[in-house]
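In case you want the letters, here they are:
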Amino acid sequence: MSLLPSDGAFGSAQRQRIFQIIVLAISVVYVGRLAWLQIIQGSVYKLKAEAQAIKQIATEPFRGMIYDRNGRAIVQNAPGFSITVTPYEFTDESCRRLSKILGVPDSLIWQDVQKSAKFNKFAAAKLFYGRDVDFEVISAVEEQRDSLPGVDLIVDPKRQYAFDGNAAHLLGYTREVAEAQLKQLGDAYSPGDLTGQTGLERAYERNVRGIKGLQYVAVNKNGQRVASFNDGKSDVAGLEGDDLHLGIDTDLQELAEKLMGSARGSVVAIDPRNGEILCFVSKPDYDPRNFSGRGGRTYYNVVRDAPGIPLLNRATTGQYHPGSTWKPLMALMAMQEGIITPSTKLPCIGGYQYGNRFATCHGGVHGMIDYKTAIAVSCNSFFYQLGVKVGLEKFYYYGSLFGFGQKTGVDIGEEKRGLLPSREFMDKHVGKGNWTNYVLMNWGIGQGEVEVTPMQLAAYTAAISMNGLWNQPHAVREIYSKTLNKRIKVSYESREIPIRKEYFQVVKEAMRAVVTSGTARLVDLPGYDVCGKTGTADVRKGQPPQSWFICFAPMNDPKIAMVVTGEGAGYGAAFAAPIARKLLDLFFLKQWPADVARDTTWTRKPGITPAKSTPTDSMPQRKGPFAKPYAERPVATLPRPATPTTAQPSAPQR
Ligand SMILES: [Zn+2]
């Protein structure tokens, strides 16, 4: 007996494929259960005979849940109902009535229906304005059923956020799949489906989206379901999306968002030992809740045009001069190149003369000063000199080693490279002969052409704390795969920066001195040996500077590395460092600051947690038209950052 039907047995190619997959899956697994096979075959033949009365409907899978590092569900699913429209059955009368029920002009409804018709006029697709409808709409649709051909209701889960914060740029949001995407993505989506647009919702879309199921239902003359078909035995179960387990500490996230308030800037904290992101804030932001369910389209327009560009992810795409936070790197390269030793002293006469130019030092005249003091008091003269002495090639080489000028490959949405200037860059953009090594003075203090993203700076701070171990930052640490029924660790890049460990130790001691006796004393948390560096980067003449603070702790057993920055927020010590202090208090001492309100009435709604099947080592059976072969499901691997240049540059200029 042939298990596959001959050509033309079932009207459409799609149905035939469905049949093939069902039969194939069954024949492999249920070899001994021919009787059941007969029933299925019988059903499908019956389906053909009652073509008008049986309809195939895709069922919505749950998107995967998102958990924080303590296993707290921060994104889950809530029940919802949405209206679907089958274009083939939809009439003018349906449109008029639906328009009244939903309070939406006919033309907008027709627009959506036509979009769906282009895709598949026989398939029920979600109507944008009929998403996540309330009880009144549901009962109106039910009451007028007979006059609403082609209109139906489906269970359509929506995202629910179970914490008091936004985590907007971390989580991202979902929106309706665009028409262009539909063509690319194939049968995994139909019009009206949601897809992750930014953040983790986008980066892990293929994991979290799940796989649609398929129901065969008996329908009335209007194409509306009246009963299940064949007691649901012919239905193909969907599969909920994979869960994401993050390194995020929700409390830290919540406090960081509150401390940043209305500022424009970012906070990124990383576990330096493995690159797991502990908190990730970009401000201003938006509330991802408003993208869930109804109103997502209008909310998008609101935030797109809002002041401060809330959609902009400043933590990964904001590019700024790093200012004095760059100085530890200058010291490391100069020591590794033998240009200075930890005890070398350089003069500060209130500035530094290079050729016919004189650049001033903020802190007055520091005299003969060693590098440790220079970092602690943030003497510019010392680092002007290091810039010039290190030279352009070595400057570029060591900057690359720390990942500057490249994407970190972090798994959160878009990312920019910042700017690590090279000779080629200067010749191309400034013009050969139009610049001199004077630029290196500015670069030595993290000004001029040098630009970094907060994410790059966080990874760099973490690498210093780990004596040169650079870990690729990542938000997701494990994926719970529903197809494999097990947790899969996300792999990430980890590399040793070829600079002697003792030099890192020297730099760490200097960053410790910044906190014990330098510009960031308010961050000194007794017992935790906090190391840090303030930065105040000039942006443009007349504009308030970029405020920076980088820190890590404890000095010799680092558990957190952090960057706090604010655009136009003034001195690093005034804006960024106090925020870092409060976050360190919470992280190490579990102390929530008394002056920051905490919404204790916030109810963490349970949401829907789909019942977990018993974990097994074997592959659960997947079947159905939406099922992808296992091989196509992505392996948990972060995009690789560009390999830093390892070619030895020409001899340093001494
Ligand atoms: Zn000085």
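Residues numbered from 1 in each chain as written. Predicted model: local features only at pLDDT ≥ 70, side-chain atom pairs only at ≥ 80, totals over all residues.

Undergrad: Give me the environment of G355: which residues, what numbers.
TA: Tracing the backbone shows G355 in the loop between β16 (351-354) and β17 (357-360). Residue classification places G355 among the exposed residues on the basis of 8 C-beta atoms within 10 Å. G355 sits 83 residues away from Y438 along the chain, and the two C-alpha atoms are 8.4 Å apart. (Helix = DSSP H or I, 4+ residues; strand = E, 2+ residues; numbered from the N terminus. Buried ≥ 20, exposed ≤ 12 C-beta atoms within 10 Å, placed from the backbone.)

Undergrad: So what's going on with the sheet that holds strand β4 (residues 81-85)? Residues and values would help.
TA: Ordered in space as β5-β4-β6, the three strands form an open sheet in which the pairing is antiparallel. Two strands close off the open sheet at either side, each with one partner strand: β5 (125-126) and β6 (151-155). (Pairing = 2+ DSSP bridges.)

Undergrad: Account for the packing of helix α10 (residues 250-260) against helix α21 (residues 576-589), with residues named and values stated.
TA: For the pair α10 and α21, the least separation of the axes is 10 Å and the interaxial angle reads 160 degrees. Here α21 runs roughly antiparallel to α10, going by the angle between their axes. The handedness of the crossing between α10 and α21 comes out as right-handed. Between α10 and α21, the contacting residues are D251, L252, L255, A256 and L259 on the first element and I579, K582, L583, L586 and F587 on the second. Within the contact of α10 with α21, the residues separate by chemical class into eight nonpolar, no polar and two charged. (Axes fitted to C-alpha atoms, helices over the stretch in contact; angles between N-to-C directions. Parallel < 35°, antiparallel > 145°, perpendicular 65-115°, else oblique. Left-handed = near helix turned anticlockwise from the far one by under 90°. Contact = placed C-beta atoms within 7 Å. Nonpolar A, V, L, I, M, F, W, Y, C, P; charged D, E, K, R; others polar.)

Undergrad: Residue-level account of the nonpolar core, with values.
TA: Among the nonpolar cores identified, the biggest contains 133 residues, and V268, M562, A580 and L583 are the most heavily contacted of them. Both domains that meet at this core, namely domain 1 (57-244) and domain 2 (250-589), each give it at least three residues. Excluding its chain neighbours within four sequence positions, the residues that come into contact with M562 are V268, A269, A458, C551, A580 and L583. Counting 17 residues, the second-largest nonpolar core is a separate cluster that includes F90, I101, I109 and L127. (Core = buried A, V, L, I, M, F, W, Y, C linked by C-beta atoms within 7 Å. Domains from an automatic or database assignment.)

Undergrad: Please provide a residue-by-residue account of unusual backbone geometry, values included.
TA: In this model, K283 is joined to P284 through a cis peptide bond whose omega is -5 degrees. Along the chain, the position of P284 falls in the loop between β14 (276-283) and α11 (296-304). Of note, the bond from A553 into P554 is cis; its omega dihedral lies within 30 degrees of zero at -15 degrees. Following the sequence through the fold, P554 ends up in the loop between β24 (546-553) and β25 (560-566). In this structure, N467 is a non-glycine residue whose phi angle is positive, near 55 degrees. Among the secondary structure elements, N467 is positioned in the loop between α19 (454-465) and β19 (469-471). Residue N467 is classed as partly exposed on the basis of its 19 C-beta neighbours within 10 Å.

Undergrad: Explain the sheet that holds strand β1 (residues 54-59) residue by residue, including any values.
TA: The strand order across the open sheet formed by three strands is β1-β10-β11, and the pairing between neighbours is antiparallel. The open sheet has two edge strands, β1 and β11 (225-228), and neither has a second partner. Taken pair by pair, the neighbouring strands of this sheet meet at an average axis angle of 50 degrees, ignoring direction. Here three bridges tie strand β10 (residues 213-219) to β11, and the two strands are oriented antiparallel to one another. Residue pairing in the sheet places V219 in a bridge with R225 of β11.

Undergrad: Hey, could you go over the packing of helix α3 (residues 92-102) against helix α4 (residues 106-120) for me, with residue numbers and the actual values?
TA: Where α3 meets α4, the closest approach of the two axes is 9 Å, and the angle between their N-to-C directions is 120 degrees. Relative to α4, α3 is oriented oblique. The two elements α3 and α4 cross, and the hand of that crossing is right-handed. Listed contacts from α4 to C95, R96, L98 and S99 of α3 are D106, I109 and W110. Here the residues of the contact of α3 with α4 are counted per class, giving four nonpolar, one polar and two charged.

Undergrad: Give a detailed account of the pairing of β17, specifying residues and quantitative values.
TA: When β16 meets β17, the two strands line up antiparallel, connected through four bridges. Counted as the bridge partner of Y354 is R357 from β17. Count of turn residues in the β16/β17 antiparallel hairpin: two residues, of which G355 carries a positive phi of about 60 degrees.

Undergrad: How would you summarise helix α16 (residues 392-401) if you had to cite specific residues and measurements?
TA: Taking burial as the measure, the ten residues of α16 include eight buried ones, the bulk of the element. If you check which residues of α16 are buried, you get L392, K394, F395, Y396, Y397, Y398, G399 and L401. Where α16 is buried, its residues contact α13 (327-336), α15 (380-390), α17 (423-431) and α18 (439-444). Within two residues after α16, G403 carries a phi angle of roughly 90 degrees, on the positive side.

Undergrad: So what's going on with the environment of V268? Residues and values would help.
TA: Within the secondary structure, V268 is located in strand β13 (residues 265-271). In the structure, V268 is positioned 294 residues away from M562 in sequence and 5.7 Å away in space, judged by C-alpha atoms.

Undergrad: Any details on the confidence of the model for the chain? Residues and values, ideally.
TA: Looking at the chain as a whole, its pLDDT mean stands at 83, while 83% of the residues score no less than 70. Taken as a whole, residues 603-636 scores under 50 in pLDDT and shows 61 contacts with residues more than four places along the chain or in a different chain. Under a pLDDT of 50 for its full length, residues 641-654 has, in the predicted model, 26 contacts with residues more than four places off or in other chains. (pLDDT = per-residue confidence, 0-100.)

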